[in-house]
Every structure is written in structure tokens, then in C-alpha cells.
Amino acid sequence: MNCFDHLFWALAIYILVRILKEGDTRLWLLLGLVAGVGLENKYSMGFLGLGLIAGLALTPARRQFRDKSLWVGGALATVIFLPHVWWEVRNHFPTAEFIHTATFKKNLPMTPWAFLLECAFQVHPFTLPIWLAGLIHLFFSRQGRKFQALGWIYLVVLAILLSTHSKPYYFAPAFLILLPAGAVPVETFVTYHNWHWMKPAYLTVLVLGGILMASLVLPVLPVETFIRYQDWLGFKLSSGERGDKPGRLSQMYADMFGWQEMAAQVAQVYNRHSPEEKADCVIGASNYGEAAAIDFFGKQYGLPNAISSHNNYWFWGPGDKPGKVLLVIGGSKKGYENMYEDVEQAATFEHPYARESGTPIYLCRRPKHTLQEIWPHIRAFICRSES
């Protein structure tokens, strides 16, 4: 969903530039269409919308509010997004609950400086002169003032994300505003001074920097080679989450390992049981990653689909079995003892690279209540590390 988020932001920014440059207000309808579909993909498209409202209100572009096409475009975006809003209402706003939990229990607060520093790294640190020039261009140059609303979008979105303790990667699409805006004064500067050698020189710096950093964002090296290279560089990307266990790999890479091995280990415990016990056995997981591993890889080991009270898995319910035997990944023994008379740790998942390494696997028998009875009370709209 993040890659499509960049696409919809890019389309929206391009359309907005054309509106501000050419004055073709009919394009507000197209912008509304893009915004509506973008919202269906990811809520962060709404940050762009809030920034746009502020950007128009704070600049001479506020005259756009008098054009009915803007309001029709806004209505179109609302209509496209309305089915999701209705789903939220019917289900008591689970996304609001999730965002609240993520803000106050999941994401680590960051200073503005630390937030922007990680953003600069993610965008490509050597592009810093370009996007800084873009911000200055939008606010202080005569040529860029026509597009000043774009600069306000950037600043408003930054303020929203900082105030909600969001992760820096949510801010990455906003740099699609500043990078092209910065290219304009950079090009003007090079042409004015007749320093055309700067173009290939700077391009070389960008390419070499990209090569240097590529393995941190693309899995192009063998894992042990990458770990040595990462240690040589002297840093690892933080997950930005509270309680995150330090590992040999960053979250992005660590989450690429161990899922099939986890399903295989669960299958080993599952296959120790008689056919009668298997018929009664429910496989559970404390988070969506573990549940998805069972659903995706478990078929080859003869495992049934997993249930989980975590995020959207909760909506899919506990299934038909009452849970006489529960084989569950993760969680705490004490928590399961509230639901079962007999709880034992049957195994521990271990993997040298996986983020889930060290996760216990419990076998629970003699339930105090059926899964259907307890299901309404155990939903967990939280991050994986809190589940």
C-alpha cells in the first residue's frame, strides 16, 4: 500500500501544479478522483488533503475556494471514500482505535531534527541540497510563489506527522513536492553561472551515493555479507517502535525471514496429536504476521487456517470449532491461563535472522469458555510488538 501511496501523491501533486500554473479548474474533478481512490488505499492521502486546504487558505490561491469545481472534486473524493467510512461506523471505528494505540503505545516519539534526519536518509541523503532549495524556492522566490500552496502542504503534513508520533516513511511522498521544486532553482543557478559541469558531477555523486546505500533498502547482498557491510557503515535503521527487540537485521529485513520455518515448527507440534485431537485443534496466532504465515505456508504441512484476535483477523472470527485444543503462537502463558485450565509451552521458535525469533508456542487444553464466547472481548487493534 505504501508504493501506491507514492503513486497517488505524485498524481495529485502533478494535477495541483497544473491547476496553479494553468488555471484549468476543471482538473479539480480529476484531483478529487485521484484523492478518493488514494484514500481507499491509505489514510495518509488525507494528510495531503489537509495540507492542501491550509495551503490554499494561506496563499493567494485561496480564490480557488470560489470555484465550484473544487467543491465538486471534494464531493467526488468523499463519495468514493464513503463506503469505507460506513464500514468504520458499523464496526465502531477500529481504525481510530488502532491509530490512538499506535500514537501512544507503539511509535517512539522523535524530535523534529531526528525525524527529518531519518527522512533525509530514506529519500537519499545526497538529495538534501535539492529539496532544501525546493522549500526555499516555494516560499521566497518570485517564480515559485505561484506554487507556495505546495510548500504549505509540506509543512502542514510534517506538523501532523510529528504531532502524532508517526514513522518517517509516512512523510516520504511529501518530498515529491520539493524535489521537482528544487530542480528549478538548481537549474537556474547552473545556467546563470555557466557551470554545466556541475550536472554530471552531481549526478555522479547521487549515483555513487545510491550504490553505497542500495543494500540498506534492497536485498541485493547475501545476508551475512549485508550484516558485515551494515556493521562497517556503523548504523541500522530503527523500526521506530517501543519495545522493539534489537536484532542483527533491521525490521524491514528481519520480517523477510522465518515464516516458513515457523509454520513447519507449528506443524511438528500439531502432528504429535491423534487424529481425534487434530479434529478439535484450532491454530491461533498473537499477530497477523504469524497468522498469515500459517495461512500461506501451512497448507503444505496439512495445517488448518489460523485465527487471530489481532487487527483485521479479529473480524474474520474464531471459526466454528469451540477450541477444545488451541495451538497458539506468541502471547503469554498467564494470558492463556485465563481461558484454559491446562497451558504448556510446547516449543520456542528460533531463527538467526527473524524478528519473531524467541516466540513461544503454547498448547492449551480444557477451555473455561468456548472461543465464540470469548471472541468479542479479546480484539487487539494494535501493532505486532504490542500483541
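An ideal rise of 1.5 Å per residue puts 21 Å on 15 residues; helix α2 (residues 27–41) measures up with 21 Å between its terminal C-alpha atoms. Within the sequence span of α2, burial applies to Leu27, Trp28, Leu31, Gly32, Val34, Gly36, Gly38 and Leu39.

In the structure shown here, the tally under the stated rule is 8 salt bridges. Across the salt bridge formed by glutamate 22 and arginine 18, the nearest N and O atoms sit 3.4 Å from each other. Of this pair, glutamate 22 and arginine 18 both sit in helix α1 (residues 2–22), separated by 4 residues, roughly a single helical turn. Residue arginine 18 is classed as partly exposed on the basis of its relative accessible area, which comes to 29%. Here lysine 199 makes a salt bridge to glutamate 187, at a shortest N to O gap of 3.1 Å. Pair noted here: lysine 199 is in helix α10 (residues 198–217) and glutamate 187 is in helix α9 (residues 175–193), with a separation of 12 residues, a long-range link. Classification of lysine 199 as partly exposed rests on a relative accessible area of 39%. Under the relative-accessibility criterion, glutamate 187 is labelled partly exposed at 37%. One salt-bridge network, in which partners are shared between bridges, spans Glu277, Glu344 and Arg365.

Scanning all chains against the criterion turns up 21 aromatic pairs. With a centroid separation of 5.3 Å and 75° between ring planes, the pair formed by tryptophan 314 and phenylalanine 315 is classed as edge-to-face. One aromatic cluster in this structure is built from Phe115, Trp131, Tyr154, Phe171 and Phe175. The aromatic ring of tryptophan 314 is capped on one face by arginine 379, whose charged end is 5.6 Å from the ring centroid.

This part is about the environment of glutamine 372. Here glutamine 372 shows up in helix α18 (residues 371–374). With 109 residues separating them in the primary sequence, glutamine 372 and alanine 263 have C-alpha atoms 25 Å apart. The residues touching glutamine 372, leaving out its near neighbours within four places in the chain, are Pro318, Gly319, Asp320, Lys321 and Pro322. From its side chain, glutamine 372 meets the backbone oxygen of lysine 321 in a polar contact 3.0 Å long.

Turning to the packing of helix α13 (residues 259–270) against helix α15 (residues 288–297), a few remarks are in order. To describe two helices that pack against each other, one gives the angle between their axes and the distance between the axes. One can describe the packing of α13 onto α15 by two numbers: an axis separation of 9 Å at closest approach and a directional angle of 75°. Of the possible angle classes, the one that applies to α13 and α15 is roughly perpendicular. Mapping the contact onto sequence places Trp259, Gln260, Met262, Ala263 and Val266 in α13 and Gly289, Glu290, Ala293, Ile294 and Phe297 in α15. Within the contact of α13 with α15, the residues separate by chemical class into 7 nonpolar, 2 polar and 1 charged.

Right, let's get into the pairing of strand β5 (residues 359–367). A regular strand places its side chains so that they alternate between the two faces of the sheet. One ladder, built from 5 bridges, connects strand β3 (residues 325–329) with β5; its direction is antiparallel. What sits directly across from valine 328, in β5, is tyrosine 362. One ladder, built from 8 bridges, connects strand β4 (residues 340–349) with β5; its direction is antiparallel. Across the sheet, aspartate 342 pairs through a bridge with arginine 365, a residue of β5.

Attention shifts here to the sheet that holds β3. An order of β2-β1-β3-β5-β4 is seen for the 5 strands of this open sheet, with the pairing classed as mixed. Looking along the sheet, the strands with just one partner apiece sit at the ends: β2 (307–308) and β4. Bridging between strand β1 (residues 281–285) and β3 involves 5 bridges; their strand directions are parallel. When the bridges of β3 are listed, alanine 285 appears paired with isoleucine 329. Sitting on the sheet, α13 is in contact with β1, β3, β4 and β5, with an inclination near 135° to β4. Contacting β1, β2, β3 and β5, α15 crosses the sheet at an angle of about 135° to β1.

About the criteria used
Residues numbered from 1 in each chain as written. Predicted model: local features only at pLDDT ≥ 70, side-chain atom pairs only at ≥ 80, totals over all residues. Heavy atoms only, no water. Helix = DSSP H or I, 4+ residues; strand = E, 2+ residues; numbered from the N terminus. Expected span 1.5 Å × (residues − 1). Buried < 20%, exposed > 50% of the residue type's maximum accessible area, 1.4 Å probe, protein only. Salt bridge = Lys/Arg side-chain N within 4 Å of Asp/Glu carboxyl O. Phe/Tyr/Trp six-rings, centres within 6.5 Å; stacked < 30°, edge-to-face > 60°. Lys NZ or Arg CZ within 6 Å of the ring centre and 35° of its normal. Contact = heavy atoms within 4.5 Å. Polar contact = N/O pair within 3.5 Å; in protein donor to acceptor, adjacent residues only side chain to side chain. Axes fitted to C-alpha atoms, helices over the stretch in contact; angles between N-to-C directions. Parallel < 35°, antiparallel > 145°, perpendicular 65-115°, else oblique. Nonpolar A, V, L, I, M, F, W, Y, C, P; charged D, E, K, R; others polar. Pairing = 2+ DSSP bridges.

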